[in-house]
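# A structural walkthrough
Each chain, letter by letter, is given below.
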Amino acid sequence: MARKCKQCKEVELPPAAKCTEYIQKEGFCSSECKREFNKAKKEKAAAKPKPAKKSSRKSVKISKADEYFSKCVRFAADNTCAVCGEKFDRTECSHIFSRRHRTIRWAKDNALCKCHTCHRWWHENPTESGNWFRSMVGEGFYHLLLERKNSKVRVTNLEEDEIAKHYQDQLKLMESGQQDDFESWQ
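One structure accompanies this document, and this report is about it. (Residues numbered from 1 in each chain as written. Predicted model: local features only at pLDDT ≥ 70, side-chain atom pairs only at ≥ 80, totals over all residues. Heavy atoms only, no water.)

## Examining the overall build of the chain
Looking only at helices and strands, the chain has seven helices and four strands in total. Helices and strands appear in the chain in the N-to-C order β-β-α-α-α-β-β-α-α-α-α. Here the C-alpha radius of gyration of the chain, 30 Å, is well above what a compact globule of 186 residues would show, namely 16 Å. Out of the 186 residues belonging to the chain, those deemed buried represent 31%. In the chain, of all internal contacts separated by at least 6 residues, the share reaching a separation of at least 24 is 54%. For the chain, the exposed area adds up to about 13100 Å²; of that, 52% sits on carbon and sulfur atoms. (Helix = DSSP H or I, 4+ residues; strand = E, 2+ residues; numbered from the N terminus. Rg over C-alpha atoms; globule rule 2.2 N^0.38 Å. Buried < 20%, exposed > 50% of the residue type's maximum accessible area, 1.4 Å probe, protein only. Contact = heavy atoms within 4.5 Å. Areas by Shrake-Rupley, 256 points an atom, 1.4 Å probe, with all protein chains shown as cover.)

## Topic: the environment of R102
Its location among the elements puts R102 in the loop between β3 (92–95) and β4 (111–114). Separated by 30 residues in sequence, R102 and C72 place their C-alpha atoms 18 Å apart. With near-sequence residues (within four places) excluded, R102 lies in contact with V155, T156, N157, E160 and Q186. A polar side-chain atom of R102 sits 2.9 Å from a polar atom in the side chain of E160. (Polar contact = N/O pair within 3.5 Å; in protein donor to acceptor, adjacent residues only side chain to side chain.)

## Examining the nonpolar core
Of all hydrophobic cores here, the largest spans 17 residues; its most connected members are F69, C72, V73, W106, I163, Y167 and F182. Looking at this core, the elements with two or more residues in it are α3 (64–76), β4 and α7 (159–175). (Core = buried A, V, L, I, M, F, W, Y, C linked by side-chain atoms within 4.5 Å.)

## Examining the pattern of salt bridges
Summed over the entire model, instances satisfying the criterion amount to twelve salt bridges. Its salt-bridge partner being E26, residue K34 comes within 2.7 Å of it at the nearest N-O pair. The partly exposed category is assigned to K34, whose relative accessible area is 22%. Members of the salt-bridge network, linked through shared partners, are K64, E67 and K71. (Salt bridge = Lys/Arg side-chain N within 4 Å of Asp/Glu carboxyl O.)

## Concerning the pairing of β4
A two-sided burial pattern is seen for β4, the buried positions comprising A111 and C113 on one face and L112 and K114 on the other. As defined by bridge partners, β3 adjoins β4 across four bridges and the pair is classed as antiparallel. Note that in β4 the partner of E92 across the bridge is K114. (Pairing = 2+ DSSP bridges.)

Keep in mind these values describe shape, not function.
Okay, structure coming up:
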């Protein structure tokens, strides 16, 4: 079966291996047919609805341990922001030292309940927020937390199920009214 031009569908082309011109190897009889073909292809693509752009931010992986820990922090604080002191319908669990430090990722001492605005301020102003935190808890507490963060003991992935179960149980106790605050897994 002979090949035909992709655009005009009339001109027969030799097999690609025997073509002497690059245009013919691509499946067109002339550069004009190739231009028309590409123009039609662009118009067709432009007519299709474009998918929503993906965020340039990396997606954050939230484990069950993260989910239940966050719920415990926010429930214990009664959705009151630790920075501005206002109560909100929706708050966020904010870590003092980032979540990448698995030694204290799920430590109660390393998290605060914050509103979205204060949480943003926290990350956009690290020097000011660090000074605020140290003045709130004291230098001694800050250095103990820093020491725990730098500890060589690491939390393994296998322990995450145990952590999730612990915080799930703690959340149930708080929601049932059996306790006002939760116990840290560590």
